[in-house]
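Listed below are the residues making up each chain.
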Amino acid sequence: MNNRRTLKIAKIETETDDIKTYSFKYSLNAKPGQFIMLTDFEGGEKPFSISDCTEDVFSITVKRIGEFTSHLFQKRVGDYVSIRGAYGSSFFISKGKVLLVGGGYAVPTFYFLSKVLKENGTEVTLINGARTKDEHLFSKKFNGLGIKVINTTDDGSFGEKGTSVDVAKRMLNNQRENGKMFDFVYASGPEMMMKALQPLLDNVEYEFLLERYMKCAIGICGNCTMDPLGIRLCVEGPVLPKKLVEQLTEFGKYHRDASGKRIKY
Amino acid sequence: MRKRLKTKFLGIEVNSPLVLPAGIMDMSFSGLSVSAKNGAGVVTSKSLTLEPRMGHKGPVVAEFASGLLNAMGLCNPGIMDGLTEINQFKERSDTPVIVSVFATNTDDFSELTKHVNKSRGDFLELNLSCPNVFDEFGIPLAASKDEVFKIVKTVKEISRLPIIVKLSPNVYDIVEIALAAEKAGADVLCLINTVGPGMLINTKMVKPVLFNKFGGLSGPCIKPVALKLIYQTYSAVNIPIIGMGGVTIGEDAIEMIMAGATLVGVGTAVYYRGVEVFNKINDEIIEFMNKSNYDSLEDIPKLEKLNE
């Protein structure tokens, strides 16, 4: 049952001042949307979405947001870290024509998903949003995939001006007029971005990649359960389908911190 | 079929002898609901403290061949928020709830008890035996029969709810501790808490796997220790026992009952068999009862008590 693997960092790419991609030579066999738990046995252990996974290499893309990630940013190629996983649910691989709505540092997981969708013959349109140009991620990597990409920033410093949801709204409205709707919508980003997107998706199936404070990642500690269903985001999530997201009363309202205390958005 | 698993526990009707123990999927009302819906007869809250606790950094769990090692560090949202979760659970479910509390002294236990008195909880569990906060609080209170007696006696005088005392397996003589709790007025004993603590080492990085270095051991490997301690305790006391420690399949639960347990805790097995584990074990208990022609849980025989 022990699936801990202690691996050397094989490659580090600097994406922005605060975001790096770490790659490992290991056959993880993960699916898009899944995550790993990563530790150095010094600074704690945190979950990270998998941003790419091939037969023998996988990558995670990390934003420096606190003590743990600052510590991780000191690591160099060849240093050991220890991981367990891959854990959790993965994205449904839809046929036809799909829309990916991404925001901020949650976008890289869509790189892995886009690759798998593309191999499946699915027509992918990605809205890749960030607050500013400096925080915008993976634009070159996505261009290399041969999918349709619309880049957007809140301040207009890169791509279109506006949020991912603004662009999604326009595209979904256009589609409705043409009578040619997307077959499936995926979203990964800040929870309030997805909350704003949700009302636009009445007529289409979707999946959201959600985040909650995870500790054990094996479904026993209860820290990441979501109300009122008691969904354990580390096991039944982090990717949840429309029919579950619609029932989550805490979605877009509150989450729980490390103590289990409710924190309002 | 499952009607045959109904039993009365201190006058309260329970649908199954299976108990969700403290520390498993019990941070929120919705977490408790999952176990209740999946066949647990009684659910226990996270051990609540007066103030919120963030718990230890990760890794908080480590898997190994025949069990789990954990050191969560008593993370919980604090008594007030914790009771709100319990009350919200009770609005949605008839399943009895054990409110577990943790403190390090009599005064704090008293204050916690006063809060619990105002809640919709059904039982009060005194966690005297968390093994994972040694750096902060030292040896668990459950190691001292005098401390156990003092705390249980004080809490008994003010508690509106029946009192369950959670005992540690990591003591020289559990029977003298159990007798002290009984003498002080405990209504129920709950044993065992996790074993050890133990440790695991990552050999490539030469580091303990758990951030806390040491953690309590649970899972199939601790069942024999649990059975022995439950049997010894059952032989000595006259109050009911909630038996737990490594119960993974129906037959494990039967062993617990034969060793002297009235109700049986199922915790780490959620990791091995999913949240459906309670109903799986319920079905396995019924299958055993059918084969052996036992009509009710009370028909399942217990071992002859040890001689004094």
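You'll find the structure just up there.
Note that the structure is a prediction, hence the values are computed from the model and not measured.

Each value, and the rule that gives it
- Residues numbered from 1 in each chain as written.
- Chains lettered and ligands numbered in written order.
- Predicted model: local features only at pLDDT ≥ 70, side-chain atom pairs only at ≥ 80, totals over all residues.
- Pairing = 2+ DSSP bridges.
- Helix = DSSP H or I, 4+ residues; strand = E, 2+ residues; numbered from the N terminus.
- Contact = placed C-beta atoms within 7 Å.
- Axes fitted to C-alpha atoms, helices over the stretch in contact; angles between N-to-C directions.
- Parallel < 35°, antiparallel > 145°, perpendicular 65-115°, else oblique.
- Left-handed = near helix turned anticlockwise from the far one by under 90°.
- Nonpolar A, V, L, I, M, F, W, Y, C, P; charged D, E, K, R; others polar.
- Buried ≥ 20, exposed ≤ 12 C-beta atoms within 10 Å, placed from the backbone.
- Right-handed = clockwise from strand over helix to strand, strands pointing away.

**Focus: the sheet that holds strand E9 (residues 148-153) of chain A**
All names here are of chain A.
- In spatial order, the strands read E10-E9-E8-E7-E11-E12-E15; together these seven strands make up an open sheet with mixed pairing. Each edge of the open sheet carries a strand with a single partner, namely strand E10 (160-161) and strand E15 (239-241).
- Where strand E7 (residues 97-103) lies against strand E8 (residues 123-130), seven bridges are found, and the strand directions are parallel. For Val101, the partnering residue across the bridge sits in E8 and is Ile127.
- Strands in contact with helix H4 (residues 164-178) are E7, E8, E9 and E10; relative to E7, the strand with the most contacts, it is inclined by about 160°.

**Describing the packing of helix H8 (residues 250-259) of chain B against helix H10 (residues 277-292) of chain B**
Residue and element names in this part refer to chain B.
- As a packed pair, H8 and H10 sit with axes 8 Å apart at the nearest point and diverge in direction by 65°. Classified by the angle between their axes, H8 and H10 sit roughly perpendicular to one another. Regarding H8 and H10, the two cross each other, and that crossing is right-handed. Contacts between H8 and H10 involve Gly250, Glu251, Ala253 and Ile254 from the former and Ile281, Glu284, Ile285, Glu287 and Phe288 from the latter.

**Re the sheet that holds strand E14 (residues 215-218) of chain B**
Residues and elements named next belong to chain B.
- Pairing is antiparallel across the open sheet formed by four strands, whose spatial order is E5-E6-E14-E11. The open sheet has two edge strands, strand E5 (61-64) and strand E11 (195-198), and neither has a second partner. Between one strand and the next, the sheet's axes are offset by a mean angle of 30°, whatever the strand orientation.
- Alignment of E5 against strand E6 (residues 67-70), held across four bridges, turns out to be antiparallel. Opposite Ala62, over in E6, you have Leu69 as the bridge partner.

**Quick look at the interface of chain B and chain A**
- Between chain B and chain A, the contact holds 35 residues from the first and 28 residues from the second.
- Class assignment of the residues belonging to the side of chain B that touches chain A gives a composition of 19 nonpolar, eight polar and eight charged.

**Observations concerning unusual backbone geometry**
- Each neighbour pair has its own omega, and for A:Gly85 with A:Ala86 the value is 0°, a cis peptide bond.
- When you line up the elements, A:Ala86 lands in strand E6 (residues 80-87).
- Of the consecutive residues B:Gly58 and B:Pro59, the connecting peptide bond is found in the cis state with omega at -5°.
- On the secondary structure map, B:Pro59 appears in the loop between strand E4 (42-44) and E5.
- Backbone geometry at A:Asn29 places phi at a positive 55°, although glycine is not the residue there.
- Among the structural elements, A:Asn29 can be located in the loop between strand E2 (19-25) and strand E3 (35-39).
- Although it is not a glycine, A:Ala217 adopts a positive phi angle of roughly 65°.
- With respect to the helices, strands and loops of the structure, A:Ala217 is situated in the loop between strand E12 (206-209) and strand E13 (225-226).
- Looking at A:Ala217, the number of C-beta atoms within 10 Å reads 27, which means it is buried.

**Focus on the pairing of strand E7 (residues 97-101) of chain B**
Residue and element names in this part refer to chain B.
- Among the five residues of E7, five are classified as buried, and the element is accordingly described as predominantly covered.
- Judged from the two bridges that link them, E4 and E7 form a sheet pairing that is parallel. Bridging from a neighbouring strand, Val43 pairs with Val97 of E7.
- By the bridge criterion, four bridges tie E7 to strand E8 (residues 123-127) in an arrangement that is parallel. Along E8, the bridge assignment pairs Val101 with Leu126.
- Remark: the E7/helix H3 (residues 106-117)/E8 crossover connection has right-handed handedness.

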